[in-house]
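Here are the chains, one letter per residue:
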Protein chains: 2
Amino acid sequence: MAEGRLQRELNRRNPFETPEQEAVLNLLRTGDLILNRFGRLFGEHNITDSQYNVLKILRDEGQPMPSLGIAGRMVQVVPAITGLIDRLEAKELVVRRRCVQDRRVVYVEITPLGTKLLAELDQPVLALHKQMVGKLSQPEVKQLSRLLEKAREVFSQ
Amino acid sequence: MAEGRLQRELNRRNPFETPEQEAVLNLLRTGDLILNRFGRLFGEHNITDSQYNVLKILRDEGQPMPSLGIAGRMVQVVPAITGLIDRLEAKELVVRRRCVQDRRVVYVEITPLGTKLLAELDQPVLALHKQMVGKLSQPEVKQLSRLLEKAREVFSQ
DNA sequence: GCGCGTCATTTTACATGTCAATTAATTGGC
DNA sequence: GCCAATTAATTGACATGTAAAATGACGCGC
């Protein structure tokens, strides 16, 4: 598969070999930048993205949840949850309670302090979400979601 | 409007608060899943995403690069590069060479073994890129790139 | 009512990412 | 020339992510 000089020069100008690669790398890079920005916001409140996600899941649920229930709603693998809960507990944003009926299960519950922190973050987070796609029109935002959901179908096969 | 797919996937009980939030979370989740898949591919060859990226950058450059030069092309921060190079060097995929003119600078060079590994990965990586957006038509793939690039404009202001 | 498989969680080992501080070498101002 | 500021790279402390194995508790089938 010999590459001519012209093609090499074109490749040099456009680092992407295919539109698919371009889309995937665009996606990963954009995600990195967004995560970075959220990390900065959360850092100002002394928590991390993952810790925020755990708190948010607990608030959405409205009641204590087992660790696996939390893990099921996150992308991460199960063992990572333990450390996350450890650090959240150390900051008194959640508490662990052993289930009485099934002593294998550990319920995690958000504390008033955790709820308060979340409430403080609600507006800034919503604003940042809007800002991250602020260059897109409303139809474009929905189109982006649609394309991402469609792309993700390969994972559910 | 019916419940979004992401919402169902995450088994949430409350809908997203805004389309912007939905798009951003869709983006982050899709990126995570894709990274995961690439991680598995690279893992089969005993390297990681980041290590692959370093090797790719070195091959693209075509000549030894200083650490800062490598860092400049990655999203990561400088200190992370040191460990990356350490592990790549341990696997004999790159070598370090101290610059003679400026002894602060360390040049990193890809070895024949590193080049060979990259060559083995070229086809699988390209195939995986295609597969990751395999549910999208060609125009949709380009549309996705366009939307992501447009969204990213907020970062360059 | 016992044993074995399953389940929820944790532990361990390792790679990575961040920030802040350090080391080593160079450069610029005087 | 000399000292201070700058630069390249590294180190250390911490949070996170992955995989694989260990722990402890349940529960079904006989």
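Only a predicted model underlies this, so the values are computations on that prediction, with no experimental measurement involved. (Residues numbered from 1 in each chain as written. Chains lettered and ligands numbered in written order. Predicted model: local features only at pLDDT ≥ 70, side-chain atom pairs only at ≥ 80, totals over all residues. Heavy atoms only, no water.)

### A word on the protein's contact with DNA strand D
Stage number 1. Near DNA strand D there are 24 residues, and of these T48(A), Q76(A), V77(A), R87(A) and L68(B) occur at the shortest range.
Stage number 2. A share of 75% of the atoms of DNA strand D within 4 Å of the protein falls on sugar and phosphate groups.
Stage number 3. Interatomic distance of 2.4 Å between a side-chain N/O atom of R87(A) and a phosphate oxygen of DNA strand D.
Stage number 4. Here a phosphate oxygen of DNA strand D and a backbone polar atom of V106(B) are 2.9 Å apart.
Stage number 5. Of all the elements in the fold, those that place two or more residues in the surface near DNA strand D are helix 3 (49-61) and helix 5 (78-90) of chain A together with helix 4 (67-72) and helix 5 (78-90) of chain B.
Stage number 6. It is helix 5 of chain A that provides the largest number of residues to the surface near DNA strand D, a total of 4 residues. (Near = heavy atom within 4 Å. Polar contact = N/O pair within 3.5 Å; in protein donor to acceptor, adjacent residues only side chain to side chain. Helix = DSSP H or I, 4+ residues; strand = E, 2+ residues; numbered from the N terminus.)

### Concerning helix 7 (residues 138-151) of chain B
Stage number 1. Between its first and last C-alpha atoms helix 7 of chain B spans 20 Å; for 14 residues at 1.5 Å apiece the expected length is 20 Å, and the two agree.
Stage number 2. Within the sequence span of helix 7 of chain B, burial applies to E140(B), V141(B), L144(B), S145(B), L147(B), L148(B) and A151(B). Down the axis of helix 7 of chain B, the sector holding all buried residues measures 165 degrees, keeping them to one side.
Stage number 3. Of the surrounding elements, those touching the buried residues of helix 7 of chain B are helix 2 (19-43), helix 6 (112-132) and helix 7 (138-151) of chain A together with helix 2 (19-44) of chain B. (Expected span 1.5 Å × (residues − 1). Buried < 20%, exposed > 50% of the residue type's maximum accessible area, 1.4 Å probe, protein only. Arc of directions from axis to C-beta. Contact = heavy atoms within 4.5 Å.)

### A closer look at the interface of chain A and chain B
Stage number 1. Of the residues lining the interface, 55 residues belong to chain A; the matching set on chain B comes to 60 residues.
Stage number 2. Across the chain A/chain B interface, buried area totals approximately 6100 Å², and carbon plus sulfur atoms make up 63% of it.
Stage number 3. Broken down residue by residue, the surface that chain A buries against chain B is led by K135(A), R152(A) and F155(A), which jointly contribute 12%.
Stage number 4. For E140(A), the salt bridge identified is with R146(B), shortest N-O distance 3.0 Å.
Stage number 5. At the boundary of chain A and chain B, one finds 18 residue pairs in polar contact (both at pLDDT 80 or more).
Stage number 6. Those elements that place two or more of their residues in the side of chain A that touches chain B are helix 2, helix 3, helix 6 and helix 7 of chain A.
Stage number 7. The dominant element in the side of chain A that touches chain B, judged by the number of residues it contributes, is helix 2 of chain A, at 19 residues. (Buried area = accessible area lost by both parts, 1.4 Å probe. Salt bridge = Lys/Arg side-chain N within 4 Å of Asp/Glu carboxyl O.)

By themselves, these figures tell us nothing about what the structure is for.
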